[in-house]
Amino acid sequence: MTDALLLDVRNVSVSFDGFRAINALSLALKAGEMRAIVGPNGAGKTTMMDIITGKTRPDSGTVTFKGHDLTRLDEPVIARLGIGRKFQKPTVFEALTVTENLLLSLKGIRSPFSVLFARESVQERQRLAELLSLIRLENMADFRAGDMSHGQKQWLEIGMLMGQEPDLLLVDEPVAGMTDAETMATADLLREINKTRSVVVVEHDMDFVRALDVPVTVLHEGSVLAEGTLDEVSADPRVIEVYLGR
Ligand code: ADP
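Residues numbered from 1 in each chain as written. Predicted model: local features only at pLDDT ≥ 70, side-chain atom pairs only at ≥ 80, totals over all residues. Heavy atoms only, no water.

Attention shifts here to the overall build of the chain. Summing up its helical and strand segments, the chain has nine helices and ten strands in all. Counting only C-alpha atoms, the chain reaches 55 × 40 × 40 Å along its principal axes. For the chain, the residues scored as buried account for 50% of the 246 residues in total. Here the analysis covers contacts within the chain between residues at least 6 apart in sequence; of these, 65% occur between residues at least 24 apart. Looking at the chain as shown, the accessible area adds up to about 12200 Å², and 51% of this sits on carbon and sulfur atoms. (Helix = DSSP H or I, 4+ residues; strand = E, 2+ residues; numbered from the N terminus. Buried < 20%, exposed > 50% of the residue type's maximum accessible area, 1.4 Å probe, protein only. Contact = heavy atoms within 4.5 Å. Areas by Shrake-Rupley, 256 points an atom, 1.4 Å probe, with all protein chains shown as cover.)

Encoded structure:
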């Protein structure tokens, strides 16, 4: 991995009806890095992800990814440049099996009916095995996604995103609603993914953030309030005030 910046969000602002949801926000991520984003409700975490993925256009500032200016690109183009986004709720095809869900993702197909005609190539079979192993669902390959636990559905969707080989994976509150064991397994999964990809994860669950053991960025009122290890930002008086001081 080089020291080059993979993602460079620079001085970005966006307002909704005159309300500044993102205020001169800057965030830089090196290739190979994983970053946790925390902050109280309304801090701008989701809006920041929306700006990176092209769902929301900034009023000012720039977003650069692998040297491309993303500010004027549409969502599908940005996704194809190598940014995968995992929303909070799992969106797997419940009627299909784990393998079928992964296969559709490998083929870039969005219609569940197409699985009837989808045959995997030798390469895809190999990749399916790798993805099943990554998300630790080898023993559930033929289970219907709809019969799995919430946590397993989240891992399946992460596997589906990985099938598209993103350079950067954005993950929004992955462990909400998970058991403690699932939460820790999710931290292991993201750390495994981070061996080959860059990851930005938004999360409220501090046990999970601690288990990730990565640099933390604290957002507040649309700006970066603090950056550092979890222990450093937790001891920062400004962070304590934002979380506890009202
Ligand atoms: P977080 O994800 O940190 O909870 P959000 O990014 O969802 O924060 O929201 C930041 C602020 O922007 C909030 O005050 C929210 O109400 C406001 N906001 C977000 N999206 C919109 C929108 N589409 N229209 C109006 N206000 C919005």
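A positive phi angle is found at Ala24, which is not glycine, with a value near 50°. As for its placement among the helices and strands, Ala24 is situated in strand β2 (residues 19–30). Looking at Ala24, the relative accessible area reads 39%, which means it is partly exposed. The backbone of Glu173 sits at a positive phi, close to 45°, despite the residue not being glycine.

The next subject is the sheet that holds strand β3 (residues 34–38). Read across the sheet, six strands follow the order β6-β7-β8-β3-β9-β10 without closing on themselves; strand pairing throughout is mixed. The sheet terminates laterally at β6 (83–86) and β10 (223–228), the two strands that pair on one side only. Sheet twist, expressed as the average angle between the axes of neighbouring strands with direction ignored, equals 20°. Examined bridge by bridge, β3 and strand β8 (residues 198–202) share four bridges and lie parallel to one another. Paired with Arg35 across the bridge in β8 is Val200. Where helix α6 (residues 180–193) meets the sheet, it contacts β3, β7 (168–172) and β8, and its direction lies at approximately 150° from that of β8. (Pairing = 2+ DSSP bridges. Axes fitted to C-alpha atoms, helices over the stretch in contact; angles between N-to-C directions.)

With that settled, consider the sheet that holds strand β5 (residues 68–69). Paired through backbone hydrogen bonds, the strands of a sheet run either parallel or antiparallel to each other. The strand order across the open sheet built from four strands is β2-β1-β4-β5, with neighbouring strands paired in antiparallel fashion. Both edges of this open sheet fall to β2 and β5, since each of them pairs with a single strand only.

Moving on to the nonpolar core. Judged by nonpolar contacts, the single largest core of 45 residues is most densely connected at Leu102, Leu137, Leu156 and Leu190. A per-element tally of this core places helix α5 (residues 150–162) first, with six residues. With 26 residues, the next largest nonpolar core counts Leu6, Val12, Val63 and Leu170 among its residues. (Core = buried A, V, L, I, M, F, W, Y, C linked by side-chain atoms within 4.5 Å.)

It is worth spelling out the site of the ligand at this point. Looking at the ligand, the residues that line it are Phe16, Phe19, Ala21, Pro40, Asn41, Gly42, Ala43, Gly44, Lys45, Thr46 and Thr47. A distance of 2.7 Å separates an oxygen atom of the ligand from a polar atom in the backbone of Gly42. Burial of the ligand by the surrounding chains reaches 59%, relative to a free accessible area of 560 Å². Counting residues per element, the shell around the ligand draws most heavily on helix α1 (residues 45–53), at three residues. Across the shell around the ligand, the residue classes break down as five nonpolar, five polar and one charged. (Near = heavy atom within 4 Å. Polar contact = N/O pair within 3.5 Å; in protein donor to acceptor, adjacent residues only side chain to side chain. Nonpolar A, V, L, I, M, F, W, Y, C, P; charged D, E, K, R; others polar.)

The next point concerns the environment of Leu106. The residue Leu106 is located in helix α3 (residues 98–107) in this model. Distance from Leu106 to Leu128, taken between C-alpha atoms, is 8.2 Å for residues 22 residues apart in sequence. Among residues more than four places away in sequence, those in contact with Leu106 are Glu124, Arg127, Leu128, Leu131 and Gly163.

So, on to the packing of α3 against α5. Relative orientation of the contacting elements α3 and α5 amounts to 30°, with a least axis distance of 8 Å. Judged by the angle between their axes, α3 and α5 are roughly parallel. In this structure, the crossing between α3 and α5 has a hand that is right-handed. On α5, the residues that touch Val98, Asn101, Leu102 and Ser105 of α3 are Leu156, Gly159 and Met160. Split by residue class, the contact of α3 with α5 holds four nonpolar, three polar and no charged. (Parallel < 35°, antiparallel > 145°, perpendicular 65-115°, else oblique. Left-handed = near helix turned anticlockwise from the far one by under 90°.)

With respect to the element layout, Lys86 can be found in strand β6. Residue Lys86 is classed as buried on the basis of its relative accessible area, which comes to 1%. A polar atom in the side chain of Lys86 sits 2.8 Å from the side chain of Glu157. Sequence-distant contacts of Lys86, defined by excluding residues within four places in its chain, comprise Gln154, Glu157, Ile158, Leu161, Leu170, Val171 and Asp172.

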